[in-house]
Amino acid sequence: QVQLVESGGGLVQPGGSLRLSCAASGSRFSVGAMGWHHQAPGNKRELVATITLDGRTNYADSVKGRFTISRDNDKNTVYLQMNSLKPEDTAVYYCNAHLLGQSYWGQGTQVTVSS
């Protein structure tokens with residue numbers, strides 16, 4: 001069983017930055033692919049960015065050039081650096097991790113972009 005704990009959400013003005021973190025624990029194996037999804041009220045959960053164990057990344061078109069995903073394999077932690085934030089980035093952000101064929105989710109962290 002893997003537990004994911006997210007942190008770093010909050011309220012930020014348009015154009016500002018936030019850094020989300022997600023730490024995985026509870027497994028003696030290295031976590032595989034990790035990623036971030038977001039869900040705005042009334043919308044379905046959507047992929048934001050993913051990163052494989054060897055560092056290959058993938059981004060949603062809406063965040064390319066503004067967000068950067070990275071990971072520290074020694075700490076089983078994934079990060080999402082969010083720059084040039086827009087009001088439409090407002091959502092709950094969920095961390096996701098894959099291990100031995102199973103998919104795990106964090107509890108979510110709220111990001112609100114508003115003046």
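Above this text sits the structure in question.
Residues numbered from 1 in each chain as written. Predicted model: local features only at pLDDT ≥ 70, side-chain atom pairs only at ≥ 80, totals over all residues. Heavy atoms only, no water.

Caption draft 1: Spotlight on the pattern of salt bridges. Across all of its chains, the model carries three salt bridges by this definition. With a closest N to O distance of 3.2 Å, Asp54 and Arg56 form a salt bridge. With respect to class, Asp54 is no different from Arg56; both count as exposed. A salt bridge links Arg66 to Asp89; its shortest N-O distance comes to 2.8 Å. Of this pair, Arg66 sits in the loop between β6 (57-59) and β7 (67-72) while Asp89 sits in the loop between β8 (77-82) and β9 (91-99), and the two are 23 residues apart along the sequence. By relative accessible area, Arg66 is classed as buried at 10%. (Salt bridge = Lys/Arg side-chain N within 4 Å of Asp/Glu carboxyl O. Buried < 20%, exposed > 50% of the residue type's maximum accessible area, 1.4 Å probe, protein only. Helix = DSSP H or I, 4+ residues; strand = E, 2+ residues; numbered from the N terminus.)

Caption draft 2: View of the layout of surface pockets. Taken as a whole, the largest pocket holds about 160 Å³ of empty space. Along the wall of the largest pocket there are 14 residues; nearest its centre are His38, Glu46, Ser62, Glu88 and Asp89. Those elements that provide at least two residues to the lining of the largest pocket are β4 (34-39) and β5 (46-51). Among the residues forming the lining of the largest pocket, the class breakdown is four nonpolar, five polar and five charged. (1 Å grid on protein atoms, 1.4 Å probe; cavity = no way out; pocket = protein on both sides within 12 Å on 5 of 7 lines; lining within 4 Å. Points joined across faces, edges and corners; volume = space filled by probe spheres on them. Nonpolar A, V, L, I, M, F, W, Y, C, P; charged D, E, K, R; others polar.)

Caption draft 3: Structural detail: the packing of aromatic side chains. Evaluated as defined, the whole model comprises zero aromatic pairs. Between Arg45 and the ring centre of Tyr94, over which it is positioned, the NZ or CZ distance is 3.6 Å. Sitting above the plane of the Trp105 ring, Arg45 keeps its charged end 4.7 Å from the centroid. (Phe/Tyr/Trp six-rings, centres within 6.5 Å; stacked < 30°, edge-to-face > 60°. Lys NZ or Arg CZ within 6 Å of the ring centre and 35° of its normal.)

Don't take any of this as a statement about function, it's just geometry.
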